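Geometric and topological summary
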Amino acid sequence: MGNTPRNLFDKVWEAHRVRELPSGQTQLFIGTHLVHEVTSPQAFAMLRERDLPVRFPNRTFATVDHIIPTDSQVRPLSDELAEAMMTELERNCRDHDIHLFDVASGHQGIVHVIGPEQGITLPGSTIACGDSHTSTHGAFGAIAFGIGTSQVRDVLATQCLAMARLKVRRIETTGKLNPGVYAKDVTLAIIRQLGVNGGVGYAYEYAGPVIDAMSLEERMTVCNMSIEGGARCGYVNPDETTYDYLRGRPYAPQGDAFERAVDWWRSMASEPGAHYDDVVEIDGSAVAPTVTWGINPGQNLGVDEKIPTLHETPDDERASVAEALDYMDLRAGQPILGIPIDVAFIGSCTNGRISDLREAARVARHGQVQPGVRALVVPGSQEVARQAEAEGLDEVFRAHGFQWREPGCSMCLAMNPDKLQGREVCASSSNRNFKGRQGSPSGRTLLMSPAMVAAAAIHGKVVDVREIL
Amino acid sequence: MTATRASVESVSGRACVLRGDDIDTDRIIPARFMKVVTFDSVGEHLFEDDRLAAKGNHALDDDRYEGASILVVDKNFGCGSSREHAPQSLMRFGFNGFIGESFAEIFAGNCTALGLVCATLGEDDLENLMGSVDLDPEQEVRIDVEARTVTSRVGTVACQIPDGTRRQLLEGSWDATGMLLDGAEDVTKTAEALPYVSGF
Ligand code: SF4
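Residues numbered from 1 in each chain as written. Chains lettered and ligands numbered in written order. Predicted model: local features only at pLDDT ≥ 70, side-chain atom pairs only at ≥ 80, totals over all residues. Heavy atoms only, no water.

**Quick look at the overall build of chain B**
As a reminder, the rule being used: What counts as a helix is a DSSP run of H or I of at least four residues, what counts as a strand is a run of E of at least two, and both are numbered from the N terminus. Each residue is placed in one exposure class: buried if its accessible area under a 1.4 Å probe, protein chains only, is under 20% of its type's maximum, exposed if it is over 50%, and partly exposed if it falls in between. Here, residues are in contact when the closest pair of their heavy atoms is within 4.5 Å. For the purpose of charge, His is not counted, nor are the chain termini; Lys and Arg are scored as positive and Asp and Glu as negative. Every charge is mapped to an atom, namely NZ of Lys, CZ of Arg, CG of Asp or CD of Glu.
On a plain count of helices and strands, chain B comes out with nine helices and eight strands. With the C-alpha coordinates aligned to their principal axes, the bounding extent of chain B is approximately 65 × 40 × 30 Å. Relative to its 200 residues, chain B shows a buried fraction of 60%. Within chain B, counting contacts between residues at least 6 apart in sequence, those at least 24 apart form 71% of the total. Distance from the positive charge centre (18 side chains) to the negative charge centre (35 side chains) of chain B: 2 Å.

Here you go:
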């Protein structure tokens, strides 16, 4: 094995492999376990039933994000069920000595926003969390898996997962993004090209000049939606951008240890000539601001394109295109430009970080939210909120008709009071446009970049952000 | 240690056909029903929004399928979020086997962790099975994990269940906690060798 060049996935896998299991899977050590209120209570209960302790409480971190309201976060929460979930998480963290980033800590936020900003997410590590968007942490060169509640129990009890090895597909970007085109557009374009099932069985390695030029936050947006493309995880090799981002973060190594860490991180990156099970190319110069029109994230288009007609749709997709057109109440052949919206949502673990809010504010400055449109800006964490407020972004949003909210998952999945009503159409910077995802069983979602959402908010319909910037 | 170690060799019973590709976990169990600290009640809300929207015409509300323990689905069933609430709600509603053209990966993994079987069939075999169950919902359908076959009125056809999953089901090692605990010493060794765990 010694001299054969290897990719990051294989190196991380080897370094974390505890042993082969009788089931044929690998027992994989999980370096960091992130926990939130929705998928953990049943796992802690199973632990109690079996009288098992948490194996590595100091490698486990918790926060509250899914159910927390974004208007008032004063306890007790007015929703009794939400309050019960929060109390349960507090109790579990107390009983097991797990650090909880709660609202009072000043560091609460969406689990995939706070891990990185606290410096908990490190290159070359393995991360698991009972949430499918755990793939976000791959932006640092970590191998990060979303897991189910039984697996949360496994990780709590053993700090390990039983897993089958994945194949690795390198997604090689070429060219350069045009102005007004963002990481969100790149990730949507990848899903469109490879399909929502394309990644099944794979880890995605994102590479090439477009990815190299991205900030760490943009890379998180790309990795975040790996799961929407069917991949189990996605990652970017660590580089100077990664080390600069991590330097000085509270949980990152400090001083000399940081320099030793950089050496190790560097050694974990994919080497030239490493083997991949598959390689695909995507031309970044050809990506336009992108909008979803259907009911899965692969049903997306460049903003200047038209919704496909059934006869230009491949046979095996026809049924789902027809279903999507029907649900979304759109016509085949209709341009995506000009679709009216009722709600604009800027936030989520895909696009709720400071750079996202800066871009959205830049667009918001060009107008006022259309009367009748509800526009929410929800920072991904308390840190993001503080930074935005220090830069005056909250004022910009308010002055231009947007609501400035407290941090949480908010309308990304609507397990909290932020929900669509009836058939409302929402321009959303989140990651899923599934039927009913945003809280109304018949609500409709158009996914796009935060800048595009802000543009839609001030025009009351889908517009091309390039014409505003 | 009270881990369940029951071997799952086959699943059999009546089947229910639920057509449609890309049925995601938000549809299986809408997020608002995840505001619970136990799984006890999730079965009651299985497909709730879809069923309401279908006004009684949903497969789960079809009397002919009542009591079915196998759900026959199309492509990419269970895509979307990693919520175990999805297989939990299906299991609590009474399903313990799934036959489809393909399953989302995390969903299939979550099923295995509960001892539920996901078997995939080729397009034609699946279509034949769906047609047959549609015509005769009383028939018994059987997924044989050992032999990797699906048996129905149509006959016995080969299905796919990944090697590792099959072994876990047969050996009763699908509840991974016990198996992982057995490796405790090796875990300590692996952890100590990782620079980021020891603080660089
Ligand atoms: S923001 Fe949305 S996708 Fe992200 S963790 Fe919260 S609910 Fe999940």
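**Here we look at the interface of chain A and chain B**
Put simply, the rule reads: Accessible area that two parts lose when put together, evaluated with a 1.4 Å probe and summed over both, is termed the buried area. By convention in these notes, a salt bridge is any Lys or Arg side-chain nitrogen within 4 Å of a carboxyl oxygen on Asp or Glu. Under the rule applied, a polar contact is a pair of N or O atoms within 3.5 Å (in protein, one hydrogen donor and one hydrogen acceptor; residues adjacent in sequence only if both atoms are side-chain atoms). Following the grouping adopted for this structure description, the nonpolar residues are Ala, Val, Leu, Ile, Met, Phe, Trp, Tyr, Cys and Pro, the charged ones are Asp, Glu, Lys and Arg, and the polar ones are all others, Gly among them.
Listed as interface residues are 74 residues of chain A and, on the opposing side, 55 residues of chain B. Summing the contributions of chain A and of chain B, the shared interface buries around 5,200 Å²; its carbon and sulfur component is 59%. When the buried surface of chain A facing chain B is broken down by residue, A:Ser23, A:Gln42 and A:Arg50 rank first, second and third, together holding 11% of it. Taken together, the connections running from chain A to chain B amount to six salt bridges. Between A:Glu323 and B:Arg27 there is a salt bridge, with the nearest N and O atoms lying 3.6 Å from each other. In this structure, the connection of chain A to chain B is made through 22 residue pairs in polar contact (both at pLDDT 80 or more). Take the side of chain A that touches chain B: its biggest share by element is seven residues, from helix H5 (residues 149-158) of chain A. Its residues placed into classes, the side of chain A that touches chain B shows 33 nonpolar, 24 polar and 17 charged.

**Here's the deal with unusual backbone geometry**
One can expect most non-glycine residues to show negative phi and most peptide bonds to be in trans. Geometrically, the link from A:Arg75 to A:Pro76 is a cis peptide bond, its omega value of -10° lying close to zero. Even without being glycine, B:Asn76 reaches a positive phi, approximately 55°. Residue position: B:Asn76 is located in the loop between strand E3 (70-72) and helix H3 (85-93).

**What about the domain arrangement of chain A?**
All names here are of chain A. Convention followed: As annotated, the domain borders come from an automatic or database domain assignment.
Here the domain parsing of chain A yields domain 1 (8-163), domain 2 (167-286) and domain 3 (290-468). A straight line from the C-alpha centre of domain 1 to that of domain 2 covers 22 Å. Interface area for domain 1 against domain 2, summed over the two sides, is near 2,600 Å², with a carbon-plus-sulfur share of 64%. When the buried area of domain 1 at its contact with domain 2 is split by residue, Leu 8, Lys 11 and Ala 139 rank highest and sum to 22% of it. One can count one salt bridge joining domain 1 with domain 2. The residue Glu 271 makes a salt bridge to Lys 11 at a minimum N-O spacing of 2.5 Å.

**Details of the packing of aromatic side chains**
Residue and element names in this part refer to chain A. Let me state the cut-off plainly: Any two rings among Phe, Tyr and Trp, with Trp reduced to its six-membered ring, count as a pair given centres within 6.5 Å; such a pair is stacked if its planes are under 30 degrees apart, edge-to-face if over 60, and tilted if neither.
Taken as a whole and judged by the stated rule, the model has 19 aromatic pairs over all chains. Seen from their ring centres, Phe 29 and Phe 56 are 5.7 Å apart, and the 80° between their planes marks the pair as edge-to-face. With Phe 29 in strand E2 (residues 26-29) and Phe 56 in the loop between helix H2 (41-50) and strand E4 (60-63), this pair connects stretches of sequence that are 27 residues apart. Like Phe 29, the residue Phe 56 is buried in the burial classification.

**Description of the site of the ligand**
All names here are of chain A. Stated precisely, the cut-off is as follows: One heavy atom suffices: a residue is near a molecule or strand as soon as one of its heavy atoms comes within 4 Å of it.
As a structural note, the neighbourhood of the ligand is formed by His 66, Ile 110, His 112, Asp 131, His 133, Ser 348, Cys 349, Cys 409, Cys 412, Leu 413, Asn 431 and Arg 437. Of the residues belonging to the shell around the ligand, the class tally is five nonpolar, five polar and two charged. Shared between two domains, the shell around the ligand takes at least three residues from each, and those domains are domain 1 (8-163) and domain 3 (290-468).

**A short note on the packing of helix H13 (residues 354-364) of chain A against helix H14 (residues 382-390) of chain A**
Residues and elements named next belong to chain A. The test is simple: What counts as an axis is a line fitted to C-alpha atoms, over the stretch in contact for a helix, and the angles between N-to-C directions run from 0 to 180 degrees. The labels follow the angle: roughly parallel below 35 degrees, roughly antiparallel above 145, roughly perpendicular from 65 to 115, and oblique for the rest. In this scheme, a crossing is called left-handed if the near helix is turned counterclockwise away from the far one by less than a right angle; it is called right-handed if the turn is clockwise.
The geometry of H13 relative to H14 is characterised by a closest axis approach of 9 Å and an angle of 40° between their N-to-C directions. Between H13 and H14, the interaxial angle falls into the category oblique. Along this stretch, H13 crosses H14, giving a crossing that reads as right-handed. In contact with Ile 354, Leu 357 and Arg 358 of H13, H14 contributes Val 384, Gln 387 and Ala 388. Residues of the contact of H13 with H14, tallied by class, amount to four nonpolar, one polar and one charged.

**Brief notes about the sheet that holds strand E16 (residues 374-377) of chain A**
Residue and element names in this part refer to chain A. What counts is decided by this rule: By this definition, two strands are paired if DSSP reports at least two bridges between them.
Reading across the sheet, the five strands line up as E17-E16-E15-E18-E19 and stay open at both edges, with parallel pairing between neighbours. With one partner strand each, in any of the chains shown, strand E17 (403-404) and strand E19 (444-447) form the two edges of the open sheet. Here two bridges tie E16 to E17, and the two strands are oriented parallel to one another. Each residue of the ladder has a partner; that of Val 377, found in E17, is Trp 404. Across the sheet, helix H16 (residues 450-459) touches strand E15 (343-346), E16 and strand E18 (425-428), and the angle it forms with E15 is around 155°.

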